[in-house]
Amino acid sequence: MMDTKESLQLLTAQMPGIDNSETSSAVLGVAVGEDRYLIPMTEVSEVIAIPKLAHVPLTQPWFLGLANVRGNLYGITDLGVYLGGDPVPFNLKSRILLVMPGNKLYGGFIVNSMLGIRDLSEFVPAKLAKKKLPKCVTAQYKDAEGRQWRELSLFKLIGDEKFLQVARE
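Residues numbered from 1 in each chain as written. Predicted model: local features only at pLDDT ≥ 70, side-chain atom pairs only at ≥ 80, totals over all residues. Heavy atoms only, no water.

### Structural notes on the sheet that holds strand β3 (residues 46–48)
Then, number 1: In space, the five strands of this open sheet follow the order β3-β6-β7-β5-β4, with mixed pairing throughout. The open sheet has two edge strands, β3 and β4 (63–69), and neither has a second partner. In this sheet, neighbouring strand axes are inclined to one another by 30° on average, regardless of whether the strands run parallel or antiparallel.
Then, number 2: In terms of strand pairing, β4 meets strand β5 (residues 72–78) through six bridges, oriented antiparallel. Residue pairing across strands places N68 opposite L73, the latter belonging to β5. (Pairing = 2+ DSSP bridges. Helix = DSSP H or I, 4+ residues; strand = E, 2+ residues; numbered from the N terminus. Axes fitted to C-alpha atoms, helices over the stretch in contact; angles between N-to-C directions.)

See the structure below:
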């Protein structure tokens, strides 16, 4: 299975006019519940189908358990529930975004569906919503059809104190 960085390199190598050395504006579009998010490609190490999860008792409702991915244990988070939404059943389109920001901290985030690799230049910046958004939501955009997208930093999310408190109080 090819990881997302290899996929991106392969896609950009085949596209004329794309500078292969500059992929920092490449983002991964995902659906989480009814919301659309853009996640920097540099923060996603791999995208996988949902494997069998080992349940961990007495944890937060958004923490779904552990997955063994090639010998590494990843804590798996329901991204929609973590961001304040209601649980949504997963389906064949659901995927886990694997993140490894360093220090042997492995995280996996379930999204409802993949919406493709995009470039931030396709979007128009919009004002952030007045309601309180998580710190990991760094910007807001609109696409050509007027749909709202939020830029989400999984690295910031993993470093958040709330995220590190998996145990139920």
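### Some remarks on the packing of aromatic side chains
Then, number 1: Tallied over the full model, the rule gives seven aromatic pairs.
Then, number 2: With 5.7 Å between their ring centres and 80° between their planes, Y82 and F163 make a pair best called edge-to-face. Remark: F163 occurs in helix α4 (residues 161–164) and Y82 occurs in helix α2 (residues 79–82); sequence separation between them is 81 residues. With respect to burial, Y82 and F163 carry one shared label: buried.
Then, number 3: Taking the centre distance of 5.3 Å and the plane angle of 65° together, the rings of F123 and W149 count as edge-to-face. Taken as a pair, F123 in the loop between β8 (113–119) and β9 (124–126) and W149 in strand β11 (residues 148–152) lie far apart in primary sequence, 26 residues in all.
Then, number 4: Given the relative accessible area of 6%, F123 is considered buried.
Then, number 5: Taken together, W62, Y82, F109 and F163 form an aromatic cluster joined through their ring pairs.
Then, number 6: Over the ring of Y82 we find K162, and its NZ or CZ is 4.4 Å from the ring centre. (Phe/Tyr/Trp six-rings, centres within 6.5 Å; stacked < 30°, edge-to-face > 60°. Buried < 20%, exposed > 50% of the residue type's maximum accessible area, 1.4 Å probe, protein only. Lys NZ or Arg CZ within 6 Å of the ring centre and 35° of its normal.)

### Quick notes on the sheet that holds β9
Then, number 1: Sheet architecture is open: six strands sit in the order β8-β1-β2-β11-β10-β9, paired in mixed fashion. Edge strands, defined here as strands with exactly one partner in the open sheet, are β8 and β9. Pairwise comparison of adjacent strand axes, ignoring direction, gives a mean angle of 35° for this sheet.
Then, number 2: Relative to β11, strand β10 (residues 137–142) is paired through five bridges, and the arrangement is antiparallel. By the bridge assignment for β11, V137 is matched with L152.

### Considerations on the pairing of strand β1 (residues 26–32)
Then, number 1: With seven of seven residues buried, β1 is to be regarded as a mostly interior element.
Then, number 2: Along β1, one buried face is formed by A26, L28, V30 and V32 and the opposite face, lined by V27, G29 and A31, is buried too.
Then, number 3: For β1 and β8, the ladder comprises six bridges, and the chain directions are antiparallel. Its bridge partner being in β8, G29 is matched across the sheet by G116.
Then, number 4: Inspection of the sheet shows β1 paired to strand β2 (residues 35–40) by six bridges, in the antiparallel sense.

### Let's talk about the pattern of salt bridges
Then, number 1: Within this structure, the stated rule accounts for three salt bridges.
Then, number 2: Between R147 and D143 there is a salt bridge; the shortest N-O distance is 2.8 Å.
Then, number 3: Accessibility expressed as a relative area gives 32% for R147, which makes it partly exposed.
Then, number 4: Residue D143 is classed as buried on the basis of its relative accessible area of 9%. (Salt bridge = Lys/Arg side-chain N within 4 Å of Asp/Glu carboxyl O.)

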